[in-house]
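# Observations on the three-dimensional arrangement
In case you want the letters, here they are:
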Amino acid sequence: MNATVSPSRHIVQIVRGMPASDGAGVKLNRVIGQPALDMLDPFLMLDEFRSDQPGDYLAGFPDHPHRGFETVTYMLAGNMRHGDNQGNSGRLRAGSVQWMTAGRGIVHSEMPEQEDGLMWGFQLWVNLPAKDKMTAPRYQDIAPEQVPQLQPADGVELRLLTGRVGEASGPVADVATEPLYVDVRLQTGAQWIADLPERHNAFVYVYDGEATVGEGAAARTLARGQLGVLSHGTQVRLAATAGARMILVAGRPLNEPVAKYGPFVMNTQEQIMTAIRDYQAGRFV
């Protein structure tokens, strides 16, 4: 007999990000994809980049390949220009989101389009199921004004990137892992109970202030820079004794083998070797 799952989720692990650098030396905070939390199926990596020092981000992320997963870039502040080897180009600005499905292979760049000021945002890597790893690459570029802004309770403001909250749907669509990605802002004393698919893996990452997650004796506090991995259940309570901002992310686990090598995520080492050979032979076109 299966154990009964409590409808209310609580934190089962707290993780603090670790300093890292990527691209041409961009300084960032790696939260998922580090020793304390290698992955949370289907989420492979979560980076927060936040700096007002140009030397931390100006070098950007020059041309680099991806295969087998999706990259999600969400900007809180600053401007980034992306382009790829298939002729796509666009500008990410504060409040925008880009959901890029790398599929069978793409070579792209993400470069700052500013010389000073604050650059702040997240990049999340989401795995693709085996049947979709060699699909055609595609972008979903969402401008800030296309993101629904919701107020489900007093002192609660949401930006819904993908998934559903009540009757509202986020603009990112047709993602295999059926994700929910919500930017949550709670004023002092406010709370929100979010509905979640019962068996989706989920986390809360606080990027400003301090939040309490869960109910009663199971409630735990997350400070800025901490991620809470959630138990399974159908809802989670988020509250703030002082103002707090956080992302709530959930996705359907794939429960498939994962083989990772840098920018390639496949199911077997043989597929990784094929990805390397294809990239070196110029077949990511």
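Just above, that's the structure.
Keep in mind that this is a model prediction, so the values were computed, not measured.

### A few points about the sheet that holds strand β11 (residues 119-127)
Taking strand neighbours across the sheet as the criterion, the seven strands line up as β2-β3-β4-β11-β6-β9-β12 in an open arrangement whose pairing is antiparallel. The open sheet has two edge strands, β2 (18-22) and β12 (138-142), and neither has a second partner. Across this sheet, the average inter-strand angle for adjacent strands is 25 degrees, counted without regard to direction. Where strand β9 (residues 97-101) meets β12, five bridges bridge the pair, whose relative direction is antiparallel. If you follow Gln98 over to β12, its bridge partner there is Asp141.

### A short note on unusual backbone geometry
For the bond from Asp41 to Pro42, the omega torsion is 10 degrees, close enough to zero to count as cis. As for its placement among the helices and strands, Pro42 is situated in the loop between β3 (26-32) and β4 (43-51). Positive phi outside glycine occurs at Glu178, with the angle close to 50 degrees. By secondary structure assignment, the location of Glu178 is in the loop between β16 (168-169) and β17 (180-186). In this structure, Asn255 is a non-glycine residue whose phi angle is positive, near 55 degrees.

### Focus: the pattern of salt bridges
Tallied over the entire structure, the rule returns 13 salt bridges. With a shortest N-O distance of 3.0 Å, Arg81 and Glu113 are connected by a salt bridge. Here Arg81, found in strand β7 (residues 79-84), pairs with Glu113, found in the loop between β10 (106-112) and β11; they are 32 residues apart in sequence, far enough to count as distant. Under the relative-accessibility criterion, Arg81 is labelled partly exposed at 32%. In this structure, the salt-bridge partner of Arg91 is Glu113, at a minimum N-O distance of 2.7 Å. A residue pair is termed long-range when its members are at least 10 positions apart, and Arg91 in strand β8 (residues 89-93) and Glu113 in the loop between β10 and β11 qualify at 22 residues. Take Arg91: its relative accessible area is 43%, and that puts it in the partly exposed class.

### Quick notes on the environment of Ala281
Secondary-structure assignment places Ala281 in the segment after α1 (269-280). For the pair formed by Ala281 and Gly166, sequence separation is 115 residues and the distance between their alpha carbons is 48 Å.

### With respect to the nonpolar core
Counting 30 residues, the largest nonpolar core has Leu46, Tyr181 and Phe203 as the members making the most contacts within it. At the level of secondary structure, the elements contributing two or more residues to this core comprise β3, β4, β6 (69-77), β9, β11, β19 (201-213), β21 (226-230) and β23 (244-251). Residues within four places of Phe203 in sequence aside, it is in contact with Ile32, Leu40, Phe43, Leu46, Leu124, Leu227, Gly228, Val229, Leu230, Ile247, Leu248 and Val249. One finds Leu150, Leu196, Ala202 and Val213 within the second-largest nonpolar core, a separate group that totals 29 residues.

### A few points about the packing of aromatic side chains
Across all of its chains, the model carries nine aromatic pairs by this definition. Here the aromatic rings of Phe43 and Phe203 are separated by 5.6 Å at their centres, their planes lie at 90 degrees, and the arrangement is edge-to-face. Taken together, the positions of Phe43 in strand β4 and Phe203 in strand β19 put the pair 160 residues apart, joining distant regions of the chain. Summarising the aromatic geometry, the rings of Phe264 and Phe284 are spaced 6.0 Å apart at their centres and angled 70 degrees between planes, so their arrangement reads as edge-to-face. Residue Phe264 is located in strand β25 (residues 264-266), and its partner Phe284 is located in the segment after α1; the two are separated by 20 residues in the primary sequence. Linked through ring pairs, Trp120, Phe122, Tyr205 and Tyr207 together constitute an aromatic cluster. In this structure, Arg50 is placed above the aromatic ring of Trp120, and the distance from its NZ or CZ to the ring centre is 4.0 Å.

### A short note on the environment of Thr268
Position of Thr268 relative to the elements: it lies in the loop between β25 and α1. Separated by eleven residues in the primary sequence, Thr268 and Pro257 place their C-alpha atoms 7.2 Å from one another.

The rules behind these values
- Residues numbered from 1 in each chain as written.
- Predicted model: local features only at pLDDT ≥ 70, side-chain atom pairs only at ≥ 80, totals over all residues.
- Heavy atoms only, no water.
- Pairing = 2+ DSSP bridges.
- Helix = DSSP H or I, 4+ residues; strand = E, 2+ residues; numbered from the N terminus.
- Axes fitted to C-alpha atoms, helices over the stretch in contact; angles between N-to-C directions.
- Salt bridge = Lys/Arg side-chain N within 4 Å of Asp/Glu carboxyl O.
- Buried < 20%, exposed > 50% of the residue type's maximum accessible area, 1.4 Å probe, protein only.
- Core = buried A, V, L, I, M, F, W, Y, C linked by side-chain atoms within 4.5 Å.
- Contact = heavy atoms within 4.5 Å.
- Phe/Tyr/Trp six-rings, centres within 6.5 Å; stacked < 30°, edge-to-face > 60°.
- Lys NZ or Arg CZ within 6 Å of the ring centre and 35° of its normal.

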